[in-house]
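Each chain, letter by letter, is given below.
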Amino acid sequence: MGCSKVDSQDLRGTSKMCLCFGNGDHVLYGYTDADYAGDKDSRKSTSRYLMTFAGGAVSWQSRLQKCVSLSTTEAEYIAAVEACKEVLWMKNFLQELGHKQEKYNLFCDNQSAIHLAKNSSFHSRTKHIDVRYLWIREVVSSKLLQLEKIHTYHNGADMMTKVLPKEKLQVCNEVAGMMVPPS
């Protein structure tokens, strides 16, 4: 993964930020994103996800994918599979605590990856995708969760995939429940 020099002015004001909960509904939301071939040495993509509950981030991950993706769609699809596993684990955990919600949403900003997860027909362009990643089709068709489109501007997982302008970082911070608490 490439490194970029961080100027201390870029981080000004963030030392007082913290995760805040209770500012939203008691609903679990998942956000997923990927960079395509972001690792300059191996050309592997990085999967990222962010899970929020009650307005704050409760789980997140950024991990290099195990294989080289051949397209942006494939990289996003693999990231969605990893995020799907986390949503289902958290769903079971919350249900053990007695919390149930009507539907569980995983938001992805790549329409092609969503279509691939929802459409079980054979496509010659995707025949190389490993069986372990096709599992998400069964999860979506069984309605264990809903994989939905989100505009990239509202995707909280974006803060883990790329350098962001200040306005977009503020949106991601809000999604994750990061804020400066009132004095």
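In the block above lies the structure referred to throughout.
Owing to the predicted nature of the structure, the values given are computational and were not obtained by experimental measurement. (Residues numbered from 1 in each chain as written. Predicted model: local features only at pLDDT ≥ 70, side-chain atom pairs only at ≥ 80, totals over all residues. Heavy atoms only, no water.)

Novice: Go over the environment of K168 with me, naming the residues and quoting the values.
Specialist: Summarising the element assignment, K168 is placed in helix α4 (residues 166-176). Using a relative accessible area of 7% as the deciding quantity, one classes K168 as buried. Put simply, K168 and Y153 are 15 residues apart on the chain and 6.8 Å apart in space, counted from C-alpha to C-alpha. With near-sequence residues (within four places) excluded, K168 lies in contact with T152, Y153, H154, N155 and D158. (Helix = DSSP H or I, 4+ residues; strand = E, 2+ residues; numbered from the N terminus. Buried < 20%, exposed > 50% of the residue type's maximum accessible area, 1.4 Å probe, protein only. Contact = heavy atoms within 4.5 Å.)

Novice: Before we move on, can you summarise the nonpolar core with the specific residues and values?
Specialist: In this structure, L28, I136, L145 and L147 are the most contacted members of the largest nonpolar core, which totals 26 residues. Taken together, the elements giving at least two residues each to this core come down to β3 (46-53), α1 (72-96), β5 (105-108), α2 (111-118) and α3 (131-141). Residue contributions to this core peak at nine residues, all from α1. Those residues in contact with L28, other than ones at most four positions away along the chain, are M51, T52, F53, V87, M90, K91, L94, Q101, Y104 and N105. In this structure, L50, A157, M160 and V175 belong to the second largest nonpolar core, which totals nine residues. (Core = buried A, V, L, I, M, F, W, Y, C linked by side-chain atoms within 4.5 Å.)

Novice: So what about the pattern of salt bridges? Which residues, and what values?
Specialist: Going through the model one piece at a time under the given rule, you end up with four salt bridges. Here D35 makes a salt bridge to R48, at a shortest N to O gap of 3.7 Å. Of the two residues, D35 is situated in strand β2 (residues 28-35) and R48 in strand β3; the sequence distance between them amounts to 13 residues. As far as the burial class goes, D35 and R48 line up, both buried. The salt bridge partner of D158 is K168, with a shortest N-O separation of 3.2 Å. Residue D158 is found in the loop between β6 (146-149) and α4, and its partner K168 is found in helix α4; the two are separated by ten residues along the sequence. (Salt bridge = Lys/Arg side-chain N within 4 Å of Asp/Glu carboxyl O.)

Novice: Can you tell me about the packing of aromatic side chains, naming the residues and giving the values?
Specialist: In the structure shown here, the tally under the stated rule is three aromatic pairs. Plain terms: the ring middles of Y31 and F107 are 5.5 Å apart, the flat faces sit at 35 degrees to each other, and that makes the pair tilted. Taken together, the residues span a long stretch of sequence, with Y31 in strand β2 and F107 in strand β5 at a distance of 76 residues. We classify Y31 as buried; its relative accessible area is 10%. Note on F107: relative accessible area 12%, which makes it buried. Ring centres of W89 and F93 lie 5.5 Å apart, and the angle between their planes is 5 degrees; on these two criteria the pair is classed as stacked. Of this pair, W89 and F93 both sit in helix α1, four residues apart, roughly one helical turn. With relative accessibility at 51%, the residue W89 sits in the exposed group. (Phe/Tyr/Trp six-rings, centres within 6.5 Å; stacked < 30°, edge-to-face > 60°.)

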